[in-house]
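Architecture at a glance
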Amino acid sequence: MPFFRRKATRRTLLAALGTAVVASQWPSADASTTGSAGLDAPAKKEIAMRLVSSAENSSLDWEAQYAYIEDIGDGRGYTGGIIGFCSGTSDMLALVELYTERAPGNVLAAYLPALRAVDGTDSHEGLASGFTAAWRQAARTSAAFRKAQRDERDRGYFDPAVARAKKDGVGTLGQFAYYDAMVMHGPGTDPLAFGGIRTRARKHAATPTDGGDETTYLGAFLDARVWAMRQEAAHSDVTRVETAQRAFLKQGNLDLDTPLKWQVYGDSYEIG
């Protein structure tokens, strides 16, 4: 199966939270982020994490998701953590390997052979309930595990997305659109992965770097993203694009400035 990263339906674990912002039980995580212009500025990165969490967890409290883990039935095995690392798509394996390199003998280390065996499948073989309990324990008790989640998020998704967007000449909103697409679809070149979505968009509009209009290009990118989502049943609800990112684009909010109001799956959110 191609390297599709994500699902589109809301996670059931936190659906009851609605639009509430829950106080985090862990300290703020991204103090090391440099203050460069764009989505990697600390305040903008915080917004990005809240936007993604609204779609992935039905909550703005992204730091409450370190301990999240369940199989949502999307063919990717277990989904867990702050961006939904998946046991079937290599990034959960990479995360636990990084954590074990930094903290040998941790409660998840014993599951590395099983994670390697199930990579690329939706199997739970060798994992079962013990793995999910160990994941939650690590999230609750280990600052190293929480940092590993943030670092893998940045290495695999956030940093590449922002770098590519800056090369294409798009601002903060466009950088977020790239990041959200990479989180859901993966960073590959398959037609339904991030690279394929970008290629499809560029067939319809030039990037600002290539002399195109930013708003026109971002509209084409969002069109390509919606097309890709609708090719897979699990992604049929496209509100995280149409009533969030598209709404910001129509408002001309290319810098992703607050206040922001949007909807995902019928729930309303606001960042003041």
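Before any of the text, the structure's been laid out above.
The residue numbers shown here count from 1 along each chain, following its written sequence. Predicted model: local features are reported for residues with pLDDT of at least 70 only, side-chain atom pairs are reported and counted for 80 or more only, and whole-chain, interface and lining totals are derived from all residues. The side-chain numbers reported here are obtained from all heavy atoms of the structure, hydrogens and water having been left aside.

**Some details on the overall build of the protein chain**
- A run of H or I in DSSP counts as a helix once it spans at least four residues, and a run of E counts as a strand once it spans at least two, with each numbered from the N terminus. Tallying secondary structure elements over the protein chain gives nine helices and five strands in all.
- Beginning at the N terminus, the succession of helices and strands in the protein chain can be written as α-β-β-β-α-α-α-α-α-α-α-α-β-β.
- In this analysis, two residues are considered to be in contact whenever any of their non-hydrogen atoms come within 4.5 Å of each other. In the protein chain, the proportion of contacts linking residues at least 24 apart, taken out of those at least 6 apart, comes to 63%.
- Here the accessible surface of atoms and residues is derived via Shrake-Rupley with a 1.4 Å probe, and residues count as covered only by protein chains that are part of the display. Just so you have it, the protein chain exposes about 10800 Å², and 52% of that area is on carbon and sulfur atoms.

**A word on unusual backbone geometry**
- Geometrically, the link from T258 to P259 is a cis peptide bond, its omega value of 5° lying close to zero.
- Within the secondary structure layout, P259 lies in the loop between α9 (239-250) and β4 (260-264).
- You will see that L256, though not glycine, has its phi angle at about 55°, which is positive.
- Considering the arrangement of structural elements, one finds L256 in the loop between α9 and β4.
- Among the residues examined, L256 registers a relative accessible area of 0% and is labelled buried.
- At Y265, a position not held by glycine, the phi torsion is positive, near 55°.
- Looking at where Y265 falls in the secondary structure, it is placed in the loop between β4 and β5 (267-271).
- Residue exposure (1.4 Å probe, protein chains only): buried if accessible area is under 20% of the type maximum, exposed if over 50%, otherwise partly exposed. Judged by its relative accessible area of 12%, Y265 is buried.

**Considerations on helix α8 (residues 214-229)**
- What a helix is expected to span follows from its residue count: subtract one and scale by 1.5 Å. For α8, built from 16 residues, the straight-helix expectation of 22 Å at 1.5 Å per residue is met to within 8% by its first-to-last C-alpha distance of 22 Å.
- Summarising burial for α8: 12 of the 16 residues are buried, a large majority.
- Restricting attention to buried positions, one finds in α8 the residues E214, Y217, L218, G219, A220, F221, L222, A224, R225, V226, A228 and M229.
- Looking at the buried positions of α8, the neighbouring elements they touch are α6 (172-185), α7 (194-202) and α9.
- The backbone nitrogen of T215 has a side-chain oxygen 3.2 Å away, supplied by the residue at the start of α8, namely D213. Polar contact is the term for a pair of N or O atoms within 3.5 Å; when the atoms are in protein, one must be able to donate a hydrogen and the other to accept it, and sequence-neighboring residues count only if both atoms are side-chain atoms.

**A word on the pattern of salt bridges**
- By convention in these notes, a salt bridge is any Lys or Arg side-chain nitrogen within 4 Å of a carboxyl oxygen on Asp or Glu. Summed over all chains, the structure comprises 19 salt bridges.
- Between D257 and K44 there is a salt bridge, with the nearest N and O atoms lying 2.9 Å from each other. Of this pair, D257 sits in the loop between α9 and β4 while K44 sits in helix α1 (residues 42-57), and the two are 213 residues apart along the sequence.
- We classify D257 as partly exposed; its relative accessible area is 38%.
- Overall, the relative accessible area of 16% leaves K44 in the buried class.
- Here the residues in one salt-bridge network are E56, D180, R225 and R240, joined through shared partners.

**Points about the packing of α6 against α8**
- Contact pair α6 / α8: the axes reach a minimum separation of 11 Å and the direction vectors enclose 15°. In terms of orientation, α6 lies roughly parallel with respect to α8. Note that α6 runs across α8; the crossing there is left-handed. Between α6, through G174, A177, Y178, D180, A181, M184 and H185, and α8, the contact on the second element is made entirely by Y217, L218, F221, L222, R225, A228 and M229.
- Gly counts as polar in this scheme, as do all residues outside two lists: the nonpolar Ala, Val, Leu, Ile, Met, Phe, Trp, Tyr, Cys and Pro, and the charged Asp, Glu, Lys and Arg. Taken together, the residues of the contact of α6 with α8 break down into 10 nonpolar, two polar and two charged. Axes here mean lines fitted to C-alpha atoms, for a helix over just the part in contact, with angles spanning 0 to 180 degrees between N-to-C directions. Roughly parallel means an angle under 35 degrees; roughly antiparallel means over 145; roughly perpendicular covers 65 to 115; every other angle is labelled oblique. Crossings are sorted by hand: turned counterclockwise from the far helix by less than a right angle, the near helix makes the crossing left-handed, and turned clockwise it makes it right-handed.

**Section: α7**
- Buried within α7 are the following residues: F194, G195, G196, I197, R198 and A201.
- In the core, the buried residues of α7 are packed alongside α5 (143-167), α6 and α8.

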